[in-house]
Structure formats: structure tokens, C-alpha cells
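The residues making up each chain are set out below.
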Amino acid sequence: MSFPHPPDRPGQAPCVGSPFRKNDSGQAGMTSNNHIPMRNLRNRVGKLLAFFVFYALCSMLLALTPAFAKVYIDITSPGLSRLPVAVQSFTGNKDISDIVKDDLTFTGLFSCIDEAAHIEKADQPFNPVNWRGIGAELVVKGRVSLVSPRKVSVVVAAYDVAAGGQVLNKEYSAAPDLLRPLAHSIANDLYTLITGQQGVFRTRIAFVGEKGGKRELYVMDWDGHRAHGLGITGGILLGPRWSPDGAKLLYSAERHRQWGIFLLDMSSMKERGIALPKSLAMAGNFFPNSRDFVYTSSKDGNPDIYVADSSTGGERKIISSPWIDVSPSVSGDGRSIAFVSNRAGNPHIYVADQDGYGVRRVSFEGTYNTSPVWSPKGDRIAFVGRAGGRNHIFIVKPDGSGLQQLTHEGNNEDPSFSPDGRYLAFMSDRDGSKGVYLMRANGEGAVRVTPRGLRATSPGWAPL
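What comes next is a walk through the structure. Owing to the predicted nature of the structure, the values given are computational and were not obtained by experimental measurement.

**Focus on the sheet that holds strand S8 (residues 204–211)**
Paired through their backbone hydrogen bonds, the strands of a sheet run either parallel or antiparallel.
For step 1, the next point in the chain: Here we have 4 strands laid out as an open sheet, ordered S10-S9-S8-S31, and antiparallel in their pairing. Of all the strands in the sheet, just strand S10 (228–233) and strand S31 (455–461) have a single pairing partner and so form its edges. Here the strands of the sheet are splayed against their neighbours by 30° on average, with no regard to which way each runs.
For step 2, the next point in the chain: Where S8 and S31 come together, 5 bridges link them in antiparallel fashion. By the bridge assignment for S31, Gly 209 is matched with Ala 456.

**Some words on helix H2 (residues 94–106)**
Counting along an α-helix, one turn takes 3.6 residues, and residues three or four places apart therefore face a common direction.
For step 1, the next point in the chain: For H2, built from 13 residues, the straight-helix expectation of 18 Å at 1.5 Å per residue is met to within 8% by its first-to-last C-alpha distance of 19 Å.
For step 2, the next point in the chain: Regarding H2, the residues found buried are Ile 96, Ser 97, Ile 99, Val 100, Lys 101, Asp 103, Leu 104 and Phe 106.
For step 3, the next point in the chain: Downstream of H2 by one or two residues, Gly 108 has phi in the positive range, about 80°.

**Comments concerning the side chain of Asn 391**
For step 1, the next point in the chain: Relative to the helices and strands, Asn 391 is located in strand S25 (residues 390–396).
For step 2, the next point in the chain: A distance of 3.2 Å separates a polar atom in the side chain of Asn 391 from a polar atom in the side chain of Arg 386.
For step 3, the next point in the chain: Once you skip the residues sitting within four places of it in the chain, Asn 391 turns out to touch Val 384, Gly 385, Arg 386, Gly 410, Asn 411, Asn 412 and Glu 413.

**A few points about helix H4 (residues 179–195)**
For step 1, the next point in the chain: If you check H4, its first and last C-alpha atoms are 24 Å apart, about what 17 residues at 1.5 Å a residue would give, namely 24 Å.
For step 2, the next point in the chain: Most of H4 is tucked away: 15 of the 17 residues are buried.
For step 3, the next point in the chain: Looking at the residues trailing H4, positive phi occurs at Gly 196, about 80°.

**Observations regarding the pattern of salt bridges**
Oppositely charged side chains may form a pair once their charged atoms are brought near each other.
For step 1, the next point in the chain: Tallied over the entire structure, the rule returns 22 salt bridges.
For step 2, the next point in the chain: Across the pair Glu 210 and Arg 455 runs a salt bridge, and its minimum N-O distance is 3.0 Å. Separated by 245 residues along the polypeptide, Glu 210 in strand S8 and Arg 455 in strand S31 bring together distant segments of the chain.
For step 3, the next point in the chain: Residue Arg 440 is joined to Glu 444 by a salt bridge in which the shortest nitrogen-to-oxygen separation is 3.8 Å.
For step 4, the next point in the chain: Salt bridges sharing partners connect three or more residues here, namely Lys 94, Asp 98, Lys 101 and Glu 115.

**Points about the sheet that holds strand S7 (residues 165–174)**
For step 1, the next point in the chain: Across the sheet, 5 strands lie side by side as S4-S3-S5-S6-S7; this open sheet has mixed pairing. The two strands at the open ends of the sheet, each matched to only one other strand, are strand S4 (110–112) and S7. Going from strand to strand, the sheet's axes swing by 25° on average, the running direction of each strand aside.
For step 2, the next point in the chain: Sheet analysis places strand S3 (residues 83–87) next to strand S5 (residues 138–148), joined by 3 bridges and oriented parallel. In the strand pairing of S5, Val 87 is matched with Val 140.
For step 3, the next point in the chain: Against the sheet, H2 contacts S3, S4, S5 and strand S6 (151–160), and its axis sits at roughly 145° relative to S4.

**Comments concerning the packing of H2 against H4**
For step 1, the next point in the chain: At a closest axis distance of 9 Å, the pairing of H2 and H4 adopts a crossing angle of 50°. Between H2 and H4, the crossing angle belongs to the class labelled oblique. Seen from above, H2 lies across H4 with right-handed handedness. Of H4, the residues touching H2 (which contributes Ile 96, Ile 99, Val 100, Asp 103 and Leu 104) are Leu 179, Arg 180, Leu 182, Ala 183, His 184, Ile 186, Ala 187 and Leu 190.
For step 2, the next point in the chain: Per-class residue counts for the contact of H2 with H4 are 10 nonpolar, 1 polar and 2 charged.

Cut-offs used in this document
- Residues numbered from 1 in each chain as written.
- Predicted model: local features only at pLDDT ≥ 70, side-chain atom pairs only at ≥ 80, totals over all residues.
- Heavy atoms only, no water.
- Pairing = 2+ DSSP bridges.
- Helix = DSSP H or I, 4+ residues; strand = E, 2+ residues; numbered from the N terminus.
- Axes fitted to C-alpha atoms, helices over the stretch in contact; angles between N-to-C directions.
- Expected span 1.5 Å × (residues − 1).
- Buried < 20%, exposed > 50% of the residue type's maximum accessible area, 1.4 Å probe, protein only.
- Polar contact = N/O pair within 3.5 Å; in protein donor to acceptor, adjacent residues only side chain to side chain.
- Contact = heavy atoms within 4.5 Å.
- Salt bridge = Lys/Arg side-chain N within 4 Å of Asp/Glu carboxyl O.
- Parallel < 35°, antiparallel > 145°, perpendicular 65-115°, else oblique.
- Left-handed = near helix turned anticlockwise from the far one by under 90°.
- Nonpolar A, V, L, I, M, F, W, Y, C, P; charged D, E, K, R; others polar.

Geometry only, nothing functional implied.
In C-alpha cells:
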């Protein structure tokens, strides 16, 4: 792995060259001329000073450029091989480095070299010679210390083996009970160091958990740890979806034999009903403004699709037909809506413009397709389809091309994209009980992240 110098900034000349000329003797110096007018001399002095100021500014800008800006691998290129990384056990707390390794390994972009192959000890100075023989391209070292009963400090350094130099040196601190989020922050910085993009390791996932017959909204870290109930319950709870600003959760609930759509403010933890029709009402997701949202209601007979304002309660119907139209999902840019309709005889995935016009069919295989969700970039739609008598997660492009089946075991439902679009959370019963799983968006690396003692469904991945 190489670390090129930053390119010259657009519109600026590189900081090279010299304001000096050679004199008659061939040595560098100001040109000798006793007959230069004073005005010309002042002009030359002014230009000389301007050059030095410009040179100093260039040097400052280059010095302030973070080390990780020099590192980049194209994670979108096909056939990308895993980058060999050596994360050594952090002195003082091995658990933190283990979390970092787990985060990086899950992405499928990194291969963490087994510690048994390390020649250099964790507390020894970095020497690139010790790492080239085992194929490591990046080495990570860490030192953990207890600053006070309420503060833990972690100093992390990363080294490029090929260049033989340090590319990251950063100190992190947190309370002793927040070491997992701290470890995720370290993993995020390493991910950015390598890819130039933000990681998802500090994100959260909301879901519906059921224990002892009680259904409740839960929130957990992206990897399933630190799960806790929010105190929001209901006879039935469906589809918690985050607002794009991460401040609110939108969900459907059945209470006292009546359906409603509710909004939970995540800062105050106050809930309010925003759509309480005396009919079936099921929430979709938010538009980019974090205020408007889509939902389905059957208050006029057939289930139709509406847009509502969560602040004022104002609403308008955008998709209405003699058929059943349900499960709306707004694209990340707010310009398109995916939904399910039986207008072709069986439930299939359709896409319409944001105003409900321009309806076109997306899914053409199978007899039962439902629960569409958009990738953040809007280039793919994940949905649930029947195959071999079971429910599975599929992915397709918005024009109906590129259909892929991602799951093959058990029943799988409720897909939700990570905010970078590289991963999917979903519900599966493949091991005998319903739980939330994560997998890469190509179907690889599926792993259960909720405990088996908790029946978990309807995951919703929070924004970055």
C-alpha cells in the first residue's frame, strides 16, 4: 500500500520554483543593476514577499492535511481482494482490540492476520521488516491506561508497512462502561484511513423485541450489543424507521384494538400519535426532510398510500387504485416511492414518482413479493419474495434488472439497509427462533446479532 503526496489543489500553482535569478557569475542571487528605478525595485520586493507568503501558506496546508487523506482503496471495484491488516492486542485491554478486529472482519474488506504469526510484540516499536514477510500492509498498535476511575485513555497508532511510516496517531477517551463505543470509534477511523469513507460501527439498530409475551421497541449497537428496551409497547408493533436526522422513530402499533402510527422523539423519549384513523394504518418511512412520511391506510375502503406531515398532521393521498397498494418506501433522495400492489394478480414490487405518478413494475419473478426498501444511493431495492415455500431476501435494480436472491436458509423478512448501503439487517428464523441478522449486501457473512432468548423482528438501521 502506498501513500502518495496530495495533488496540487485545483486552480493553484504547485509550491515549486524560485524567485531568484542567476547573476553573471552563475550563482543564485538578485540580478545586479544599479540603474533599476525605485518603483521597479519595490515591485520586485513586493512580488518576492508575496511569493514567500504563498509558499508558507502552501506548506501549512500540506502540513495540516490529515494522514488518512493520503490513503484510499476503491471498495466499489469488482474482485477487490481483502487487505491484510495486523491488529495487535492493545496493551492494557485486549477486549478493545478484539472489538476492532471483529468490526473490520465483518466488512469483508479486511483480513486480520492471526496473532500467532506476528513476529513483533505488541509493546515493541514498529519495524516494517517484521511485517513484510507475513504480508501485512497495515499494522495497528494500541495502549490502554486508566486515567481516573471515570476515564480510560487509549492511544492508537497505525503504520503503513510498504512506506515504513506512521499514518495514524490518535488518543481516545471514555468512561469505563463505554469502551465498546470507543472501540467502534477506533474501527471507524481505521476504516476511513483505508477506504476514504465513513464506517457504520457507531450506528444503532432499532427493532421489535418480544420476551415473556411482551412486545417492546428496542435499540442496540450495530453489532447487537448494549440492547435495551425503550419502554414503548403494544399488542402489535411494526417497522420502526428512523428519521434521516436520527432524531425520531416512526412505527405502527395496535393498541386497544385500534391501529395507529406513532412518533418517538429519541431525545425526550416522548411518544405521540400522528395518524389514528379508525382503520388499518401502517407506517412507511420518512422523506429526506425528516418531517413528511409515507403510510398506508384503508380508511376509504381499499388500502391506499398517503403522504403526511408529522408536524401538522396534514395529509394527501398519492396512490389510489381498485387494487391493494401497501408497504410504501421513499428513496433516499425523496424522488421515488417503492410499494407493493396486486394489480398484476399477485403481490409485486412497483415504483412511482414522489407524487404517485409514473407507476412501473419492478419484480417479475415469483408469486409473492413484498416489503421493499431502498438502498441509500437509490441504486437497489431489497424486498421479500417467496422461493421454495419460504420467504427470502432479494435485491433488484429500480428498473427491474439484476435480480439476486441473497438468503437461502429458513424464513427471512424485514430487510433494512445500513446507511452506507453495504450491509443489510433482516429477520430470520434459520436457527429455530426469530432474530435479527446482518449480512453484506451481496448475501455473504450472515450472522445473528440478537440473543436467542429474545424474539426479535422488524430491524431499522439508523443513519450515520
